Amino acid sequence: MGSAKNTGNASRQARIAEMRRAEQSRERRNRILVIGASVVVVVGLAVGGVILVRSQSGKEDTASDSKGTAGHFVTGSDGVKTWSAKLSQTHVTKTVDYPMEPPVGGDHNQVWMNCNGDVYTKAINNMNAVHSLEHGAVWVTYNSKAADADVQALAEKVKKTPYTLMSPVEDQKDPIMLSAWGKQRTVTSATDANVDKFFESFVQGDQTPEPGAACTGGLSQ
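As the structure is a prediction and not an experimental result, all values here were calculated from the model.

(A) Expanded view of the overall build of the chain. Across its full length, the chain carries 4 helices and 7 strands. Secondary structure of the chain in N-to-C order comes out as α-β-β-β-α-β-α-β-β-β-α. Within the chain, the fraction of its 221 residues that count as buried is 38%. Taking all contacts inside the chain whose residues are at least 6 apart in sequence as the whole, residues at least 24 apart take part in 67%. Accessible surface, the chain: about 12800 Å² in total, of which carbon and sulfur atoms supply 55%.

Given below as structure tokens:
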């Protein structure tokens, strides 16, 4: 009897041990599956992230190029340069690289620089200034080579003239330049007769894509 009982206990313990081994084996397999699945998910996310970043990077590069600015300046007999191609007017949020400095048109920010005779003593964002040109403003720019007396005299003229603005542009080719939508010229000084001629022709001139649009309520330094 005792022998049979001992044999039963031993058999039961053996079955329990076998069940424990089977359970441990299942747990190991489950852990392996979970780890494997996690690795697949992580790798998938990493690959997806790289693709997304590359995709976004490509979009930024595309957006940074100003569409509709392919062309060149053609200089008229009066010294005014006219951009040879139609300039686009798309509102964008990315930085735009213009083919001319200062720019005279192309894609631009949806907010304009105030241009109601506004004089800015620090450089302004090209994308906002181009929007002002779209509204029919003339943009007076100068660099460090311009005489202080000329800068002051031009500032006084701008302050008295609606639909104009003025700011420094250090990278421009000449000391004093005047820009409108699709138009640009260099002047020698504040007393150059071409300053008045440019203002008369292009402040709300025929080149304006959006005549009468606001020059207030925009961005100001």
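Now that the structure has been shown, we can carry on.
(B) Summary view of the nonpolar core. With 42 residues, the main nonpolar core has Leu-165 and Met-166 as its most contacted residues. Leu-165 has contacts with Met-113, Asn-114, Cys-115, Asp-118, Tyr-120, Ile-124, Ser-132, Ala-137, Val-138, Trp-139, Val-140 and Val-158, leaving out every residue within four places of it along the chain.

(C) Spatial organisation of the sheet that holds strand β6 (residues 176-180). In spatial order, the strands read β1-β2-β7-β6-β4-β5-β3; together these 7 strands make up an open sheet with mixed pairing. A single partner strand is all that each edge strand has here, and the edge strands are β1 (73-75) and β3 (116-119). Put simply, the sheet's adjacent strands are angled 20 degrees from each other on average, direction ignored. When strand β4 (residues 138-142) meets strand β5 (residues 164-168), the two strands line up parallel, connected through 5 bridges.

(D) Structural context of the packing of aromatic side chains. All chains considered together, the criterion is met by 2 aromatic pairs. Positioned above the aromatic ring of Phe-199, the side-chain terminus of Lys-157 is 4.9 Å from the ring centre.

(E) Layout of the environment of Pro-211. Relative to the assigned elements, Pro-211 resides in the segment after α4 (193-202). Between the alpha carbons of Pro-211 and Glu-134 there is a distance of 8.1 Å; along the sequence they are 77 residues apart.

(F) Layout of helix α2 (residues 126-134). Of all 9 residues in α2, 9 are buried; the element is thus mostly enclosed. Among the residues making up α2, those that are buried are Asn-126, Met-127, Asn-128, Ala-129, Val-130, His-131, Ser-132, Leu-133 and Glu-134. As for α2, its buried residues are in contact with β4, β5 and β6. In this structure Asn-125 caps α2, since a side-chain oxygen of it lies 2.8 Å from the backbone nitrogen of Met-127.

(G) A look at the pairing of β5. Within β5, 5 of the 5 residues are buried, which leaves the element mostly enclosed by the surrounding structure. Burial of the side chains of β5 extends over both faces: Thr-164, Met-166 and Pro-168 are buried on one face and Leu-165 and Ser-167 on the other. Direction of pairing for β3 relative to β5: parallel, over a ladder of 3 bridges. Across the sheet, Asn-116 pairs through a bridge with Thr-164, a residue of β5. Crossover β4 to β5 through helix α3 (residues 148-159) is right-handed.

(H) Seen up close, the environment of Val-169. Structurally, Val-169 can be placed in the loop between β5 and β6. Not counting residues up to four positions away in its chain, the partners in contact with Val-169 are Glu-101, Pro-102, Trp-139, Thr-141, Tyr-142 and Asn-143.

(I) A look at the state of the cysteines. What the rule picks out here adds up to 1 disulfide. One disulfide bridge connects Cys-115 with Cys-215, the sulfur atoms lying 1.6 Å from each other. Here the S-S torsion is close to -90 degrees, and the disulfide linking Cys-115 with Cys-215 is therefore left-handed. Of the two residues, Cys-115 is situated in the loop between β2 (81-83) and β3 and Cys-215 in the segment after α4; the sequence distance between them amounts to 100 residues. Judged by relative accessible area, Cys-215 falls into the buried class, the value being 5%.

(J) Summary view of the confidence of the model for the chain. Of the residues in the chain, 69% have a pLDDT of 70 or more, and the chain-wide mean is 82. Within the chain, no element has a lower average pLDDT than helix α1 (residues 2-64), which sits at 48, and none a higher one than β4, at 99. Per-residue pLDDT stays below 50 along residues 39-65; that stretch engages in 9 contacts with residues further than four places along the chain or on separate chains.

Parameters and conventions
- Residues numbered from 1 in each chain as written.
- Predicted model: local features only at pLDDT ≥ 70, side-chain atom pairs only at ≥ 80, totals over all residues.
- Heavy atoms only, no water.
- Helix = DSSP H or I, 4+ residues; strand = E, 2+ residues; numbered from the N terminus.
- Buried < 20%, exposed > 50% of the residue type's maximum accessible area, 1.4 Å probe, protein only.
- Contact = heavy atoms within 4.5 Å.
- Areas by Shrake-Rupley, 256 points an atom, 1.4 Å probe, with all protein chains shown as cover.
- Core = buried A, V, L, I, M, F, W, Y, C linked by side-chain atoms within 4.5 Å.
- Pairing = 2+ DSSP bridges.
- Axes fitted to C-alpha atoms, helices over the stretch in contact; angles between N-to-C directions.
- Phe/Tyr/Trp six-rings, centres within 6.5 Å; stacked < 30°, edge-to-face > 60°.
- Lys NZ or Arg CZ within 6 Å of the ring centre and 35° of its normal.
- Polar contact = N/O pair within 3.5 Å; in protein donor to acceptor, adjacent residues only side chain to side chain.
- Right-handed = clockwise from strand over helix to strand, strands pointing away.
- Disulfide = S-S within 2.5 Å.
- pLDDT = per-residue confidence, 0-100.

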